[in-house]
Amino acid sequence: QVHLVESGGGLVQAGGSLRLSCAASGRTFTFPPMGWFRQAPGKEREFVAAISSSGGDTFYADSVKGRFTISRDSAKMTVYLQMNSLKPEDTAVYYCASTVSGRYYLGRAADFGSWGQGTQVTVSS
């Protein structure tokens, strides 16, 4: 079981930037594929980005492509989500998640077994 803790959320004006972090710990010998999801009030949880174990492959939802960047520091067991050019519609609780599934790139929440508690991101217009 991997324990995940997100940080870095907050309030930012439209056009601004935030960097989310997700620290992983627990009984894992390798740093698994990781993903970021978000959930806005009244909406379903949606995929944002995912990264492979090596960090060499990244995948993004169309809505964030070109604005968000996912990365990882395996030595620190931490995954990051750099969010630039933020829009009010990016407002949501952001969750990081880990998976042992080789199909993490599909961005399906059901494939991710461990989840953090979430961090709120609010973008004002």
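Notes on the structure follow. (Residues numbered from 1 in each chain as written. Predicted model: local features only at pLDDT ≥ 70, side-chain atom pairs only at ≥ 80, totals over all residues. Heavy atoms only, no water.)

Some details on the overall build of the chain
Then, in step 1: The number of helices and strands found in the chain is 0 helices and 11 strands.
Then, in step 2: Ordered by position from the N terminus, the helices and strands of the chain form the series β-β-β-β-β-β-β-β-β-β-β.
Then, in step 3: The principal-axis extent of the C-alpha atoms belonging to the chain is close to 45 × 25 × 25 Å.
Then, in step 4: The buried share of the chain, reckoned over its 125 residues, is 45%.
Then, in step 5: Counted over contacts in the chain with a minimum sequence separation of 6, partners at least 24 positions apart contribute 58%.
Then, in step 6: In the chain, which carries 12 positive and 9 negative side-chain charges, the distance between the mean positions of the two groups comes to 3 Å. (Helix = DSSP H or I, 4+ residues; strand = E, 2+ residues; numbered from the N terminus. Buried < 20%, exposed > 50% of the residue type's maximum accessible area, 1.4 Å probe, protein only. Contact = heavy atoms within 4.5 Å. Lys, Arg positive; Asp, Glu negative; His and termini not counted. Charge placed at Lys NZ, Arg CZ, Asp CG, Glu CD.)

Considerations on the state of the cysteines
Then, in step 1: Tallying each qualifying case throughout the model produces 1 disulfide.
Then, in step 2: Between the sulfur of Cys 22 and that of Cys 96 lies a disulfide, 2.0 Å long from S to S. With the S-S bond torsion at 55°, the cross-link from Cys 22 to Cys 96 turns out right-handed. A residue pair is termed long-range when its members are at least 10 positions apart, and Cys 22 in strand β3 (residues 18-26) and Cys 96 in strand β9 (residues 92-98) qualify at 74 residues.
Then, in step 3: By relative accessible area, which is 0% here, Cys 22 ends up buried.
Then, in step 4: Take Cys 96: its relative accessible area is 1%, and that puts it in the buried class. (Disulfide = S-S within 2.5 Å.)

Re the pairing of β9
Then, in step 1: Of all 7 residues that make up β9, 6 are buried, and the element is covered over most of its length.
Then, in step 2: Of the pairings in the sheet, the one linking strand β4 (residues 34-39) to β9 comprises 6 bridges and is antiparallel in character. Counterpart to Arg 38 in the pairing with β9 is Tyr 94.
Then, in step 3: The pairing of β9 with strand β11 (residues 119-124) spans 3 bridges and is antiparallel. Paired with Val 93 across the bridge in β11 is Gln 120.
Then, in step 4: Where β9 and strand β10 (residues 114-115) come together, 2 bridges link them in antiparallel fashion. Residue pairing for β10: Ser 98 is matched across the bridge by Ser 114. (Pairing = 2+ DSSP bridges.)

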